[in-house]
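# Overview (structure and organization)
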Amino acid sequence: TTISAVNEKLYVIGGFASAMWTPVDTVYEYNPKTRKWTEKSRMPTKRGALAASVIGEKIYVVGGANKKNFKLVNTPALEIYDPLKNSWEKLAPMLTPRDHLTTSSVSGKIYAIGGRVNLNFHKNLDTNEVYDPKANRWTRLTPLPTKRSGITSQTLERKILVFGGESGEGTFTENESYDPDTNTWETLLPMPSGRHGL
């Protein structure tokens, strides 16, 4: 599941339901003023372990895993949700399908970083790709220094800081910073303890 904030409301999108890891396409809006939930237009692609970022007043939902022939497999889907119109639009798919990735937005572009192949943390990725909404195009960038998934990121002073993650060997304490202006990475002070799914 991913959560985004637009116009003082929260949008909970996708995820897995039940112990069977069933991907869902549901969208729920939470209004803190009325303390009420409202079901909205469903996402075109059912998926869990996805990522989302906001540009302007629209939510860009990227990657994740859906089911095909009873198996969980990655989707490269990029779909944009407009809360004002309550509508979805399909955009150019990601170059590298993956799940448990993170996304951040900087200067009107979406950066999709890390992740894993078909929910397997033994197959972590260092992939770093940027989506330009004006051109509707993805571009590969300098890879993440440490292959990891189950990560999170935040933008601070025009740099994207990527935290944590997991692999078959355990959790990560890594804190690595990406500079979109120079397409370079810097290793920063690690977290006090490793964690994933954050």
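Residues numbered from 1 in each chain as written. Predicted model: local features only at pLDDT ≥ 70, side-chain atom pairs only at ≥ 80, totals over all residues. Heavy atoms only, no water.

Attention now goes to the overall build of the protein chain. Helix and strand counts for the protein chain stand at 0 helices and 24 strands. Against the globule reference of 16 Å for 198 residues, the protein chain gives a C-alpha radius of gyration of 16 Å, in line with a compact fold. Expressed along its principal axes, the backbone C-alpha trace of the protein chain runs to roughly 40 × 40 × 35 Å. Within the protein chain, buried positions represent 48% of all 198 residues. For the protein chain, long-range pairs separated by at least 24 residues make up 46% of all intrachain contacts whose partners lie at least 6 apart in sequence. (Helix = DSSP H or I, 4+ residues; strand = E, 2+ residues; numbered from the N terminus. Rg over C-alpha atoms; globule rule 2.2 N^0.38 Å. Buried < 20%, exposed > 50% of the residue type's maximum accessible area, 1.4 Å probe, protein only. Contact = heavy atoms within 4.5 Å.)

With that out of the way, let us pick up the pairing of strand S19 (residues 152-156). As paired strands, S19 and strand S20 (residues 159-163) are joined by 5 bridges and run antiparallel to one another. Bridge pairing in S20 links Gln-154 to Leu-161. Taken together, S19 and the strand that follows it, S20, pair antiparallel across an intervening segment of 2 residues, in which Glu-157 is found at a positive phi of about 50°. (Pairing = 2+ DSSP bridges.)

Once that is clear, we can look at the nonpolar core. Ranked by internal contacts, the top residues of the largest apolar core, which has 14 residues, are Tyr-60, Val-62, Leu-78, Tyr-131 and Trp-138. If we ignore the near neighbours within four places in the chain, the residues touching Val-62 are Arg-47, Leu-50, Ala-51, Ala-77, Leu-78, Met-94, Leu-101, Thr-103, Ile-110, Ala-112 and Trp-138. One finds Tyr-11, Met-43, Ala-52 and Val-61 within the second-largest nonpolar core, a separate group that totals 11 residues. (Core = buried A, V, L, I, M, F, W, Y, C linked by side-chain atoms within 4.5 Å.)

For Asp-25, the location among the structural elements is in the loop between strand S4 (22-23) and strand S5 (27-31). Within polar-contact distance, the side chain of Asp-25 engages the side chain of Arg-42 at 2.6 Å. (Polar contact = N/O pair within 3.5 Å; in protein donor to acceptor, adjacent residues only side chain to side chain.)

The next subject is the pattern of salt bridges. Pairs can form between side chains of opposite charge whenever their charged atoms are close. What the rule picks out here adds up to 10 salt bridges. The residue Lys-33 makes a salt bridge to Glu-8 at a minimum N-O spacing of 3.3 Å. Linking Lys-33 in the loop between S5 and strand S6 (36-39) with Glu-8 in the loop between strand S1 (2-6) and strand S2 (9-13), this pair joins segments that are 25 residues apart in sequence. Each member of the pair, Lys-33 together with Glu-8, is exposed. The residue Glu-129 makes a salt bridge to Arg-98 at a minimum N-O spacing of 3.0 Å. (Salt bridge = Lys/Arg side-chain N within 4 Å of Asp/Glu carboxyl O.)

Counted according to the given criterion, the structure contains 8 aromatic pairs. Between Phe-16 and Trp-21, the ring centres sit 5.0 Å apart and the planes meet at 65°, which makes this aromatic pair edge-to-face. Judged by relative accessible area, which is 43%, Trp-21 ranks as partly exposed. Judged by centre distance (5.0 Å) and plane angle (45°), the ring pair of Tyr-178 and Trp-185 falls under tilted. The class for Tyr-178 is buried, based on a relative accessible area of 1%. On the accessibility criterion, Trp-185 (16% relative accessible area) is buried. Grouping aromatic residues by their ring pairs yields a cluster made of Tyr-11, Tyr-81 and Trp-88. (Phe/Tyr/Trp six-rings, centres within 6.5 Å; stacked < 30°, edge-to-face > 60°.)

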